[in-house]
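One letter stands for each residue in the lines below.
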Amino acid sequence: MIRYYNTETRAKEELEPIEPKKIGMYTCGPTVYDYAHIGNLRAYCFEDLLRRHLKYCGYEVTQVMNITDIDDKIIRAANKAGIPIDEFTAPYIEAFHRDLSSLNIEPAEFYPRATGHIPEMVDLIKLIIDAGAGYRGDDGSIYFSIAAFPKYGRLSHIKLEGQKAGARIKHDEYDKESVADFALWKAWDEQDGDVYWETALGKGRPGWHIECSAMSMKYLGESFDIHTGGVDNIFPHHENEIAQAETATGRTFVRLWMHNEHLLVDNRKMAKSLGNFYTLKDLPNKGFSPLALRYLYISTHYRSKLNFTLEALQAADKTITGLYDFLKRLEEVKDNPDISYDPEFDNMIEKAKQGFLSELDDDLNMSGALAYLFDLETETNKRLEAGNLNRRHAEKVRDLFLDLDRILGLKLADALKSQSLEDEIEKLIAEREQARKNKDFARSDEIRDRLKEMGIILEDTSQGTRWKKR
RNA sequence: GGCGACGUGGCCGAGUGGUUAGGCAGCGGUCUGCAAAAUCGUUUACAGCGGUUCGAUUCCGCUCGUCGCCUCCA
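What counts, and where the lines are drawn
- Residues numbered from 1 in each chain as written.
- Chains lettered and ligands numbered in written order.
- Predicted model: local features only at pLDDT ≥ 70, side-chain atom pairs only at ≥ 80, totals over all residues.
- Heavy atoms only, no water.
- Salt bridge = Lys/Arg side-chain N within 4 Å of Asp/Glu carboxyl O.
- Buried < 20%, exposed > 50% of the residue type's maximum accessible area, 1.4 Å probe, protein only.
- Helix = DSSP H or I, 4+ residues; strand = E, 2+ residues; numbered from the N terminus.
- Pairing = 2+ DSSP bridges.
- Axes fitted to C-alpha atoms, helices over the stretch in contact; angles between N-to-C directions.
- Core = buried A, V, L, I, M, F, W, Y, C linked by side-chain atoms within 4.5 Å.
- Domains from an automatic or database assignment.
- Contact = heavy atoms within 4.5 Å.

Novice: How do you make sense of the pattern of salt bridges when you look at a structure like this?
Specialist: One side chain can pair with another of opposite charge once the charged atoms of both are near each other. The full count for this structure, using the stated rule, is 34 salt bridges. Its salt-bridge partner being Lys22, residue Glu19 comes within 4.0 Å of it at the nearest N-O pair. By relative accessible area, which is 46% here, Glu19 ends up partly exposed. Here Lys22 falls in the partly exposed class, since its relative accessible area comes to 34%. Glu431 is paired through a salt bridge with Arg443; the nearest N and O atoms lie 2.4 Å apart. Of this pair, Glu431 sits in helix H14 (residues 423-437) while Arg443 sits in helix H15 (residues 441-453), and the two are 12 residues apart along the sequence. Among the residues examined, Glu431 registers a relative accessible area of 34% and is labelled partly exposed. Here Arg443 falls in the partly exposed class, since its relative accessible area comes to 24%. Because the salt bridges share partners, they merge into one network encompassing Asp48, Arg51, Arg52, Lys55, Glu106, Glu109 and Arg294.

Here it is as structure tokens:
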């Protein structure tokens, strides 16, 4: 039984899809006016973990991730650069997909762009107006009237009366009947320059919230299973999505809302002004694989704040290196008829698997799940060390790790296939072996140093010398 | 002001009313020509103060501290 935490009810709930064994899921994607930072990427990694877990459990997942390629910042920056907005956003969209790929995030089924769905948004706004919840302000913009949607606030549990209204309300939005109302359609003004659409609603562009309601329903239907995003989206963005969609359709918009907590850097909010702002590009310079970052993300519960530090990233890097080493070692276990087959170890393998999966079924408790995996690793190593690990068991453990990597996404299989022995390395190792036999350690160390410079690390074991790439 | 989250051993980070989380780092041992890897052992954990209880890190209250949302924000 899978249970996930629902922001709306503030409780873990059993997953009950609308259609058996199928999940429609909408995940709020990037606004492409800049490169993604490691906080954004945490959200996409969480969503990837969620989809991989669902798929592992046999669900057919249809994931939609929007790309917001029209908003105030984009218009401002594109106009400043003197180029059309699609030209401005293109490199950021490309970078976004590259980032996802290097974190081994599975592609979603759909990446709809806001600018490609203006007609859908216009249609939705018309429905909202027909339902009596939309009105036109003096500036020509169309607003959603919160007063027309009594259930407003049920996701965020915010009571509008308690809000410090006005603190961040701009002067140009005084056309609204109520400060809590939000724009569905923004009428063109001079600052927008060439950026506008001529529609039945007039000349202008969509408000931010309407794209997600329109595009999610287009690809997933009026009612769908899961909607995710960062906690900052709960209010007002997701609250507004609900208001728009349910006003238009009269149906429940989303059954399960899941939100990931933010990431802190050195226990502070990440901000460019604080100088603790990282993007993925910054990591290789510091010697880390993006998969180390992935591990760091998924090993912390998605609803907890994650404190990013370089030390923690380093620990993550060492941890996955340890996993790769472990799998390589398993691969080298020889078939030895003297080693008996211990059926008890089968039970331990099975228990590790079940433990791992049941922790994930409990609202994606990856930390708990990993403990099972590491315990199995230690047990296997002990047997290996004691010389009583049967080849068949080594294969079973390896297969389990590779199987669970469908969820982890750490590319564990790469540890096995990458290193075909190259002649030169083999020759040098053989030469070093000879030197060691002759107790010519100066020569053997020289060879080891030379290989090290080539990025090859040697390990002498009782079964001979192993090597790996660093 | 309204709503909410959190404070676990050097670092990261699960969890539980009474039994070892786990990872990384450190220290000591085994193994090794030396390393590396592995392995064994090890380092007084649950912010503070009260309460409930046979027993609380785990429930309740208060205090202190950190962080978040309150209409750009993963």
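Novice: In this structure, what is going on with the sheet that holds strand E3 (residues 22-27)? I would like to understand it.
Specialist: One open sheet accounts for 4 strands, arranged E4-E3-E10-E11; its pairing is parallel. This sheet does not close on itself; its edge strands, each paired only once, are strand E4 (60-65) and strand E11 (254-260). Strand-to-strand twist in this sheet, taken as the mean axis angle between neighbours without regard to direction, amounts to 20 degrees. Bridge count between strand E10 (residues 224-230) and E11: 6 bridges; the pairing is parallel. Across the sheet, the residue bridging to Gly230 is Asn260, located in E11.

Novice: Explain the nonpolar core here, please?
Specialist: A general tendency of soluble globular proteins is for nonpolar side chains to be buried together. Counting 121 residues, the largest nonpolar core has Leu54, Leu293, Phe308, Phe356 and Met366 as the members making the most contacts within it. With 10 residues, the top contributor of residues to this core is helix H1 (residues 38-56). Both domain 1 (15-260) and domain 2 (307-417) contribute no fewer than three residues apiece to this core. The residues contacting Leu54, other than those within four sequence positions of it, are Tyr4, Leu15, Ile23, Met25, Tyr59, Val61 and Ile226. Ile425, Leu428, Ile447 and Ile456 belong to the second-largest nonpolar core, a separate cluster that totals 8 residues.

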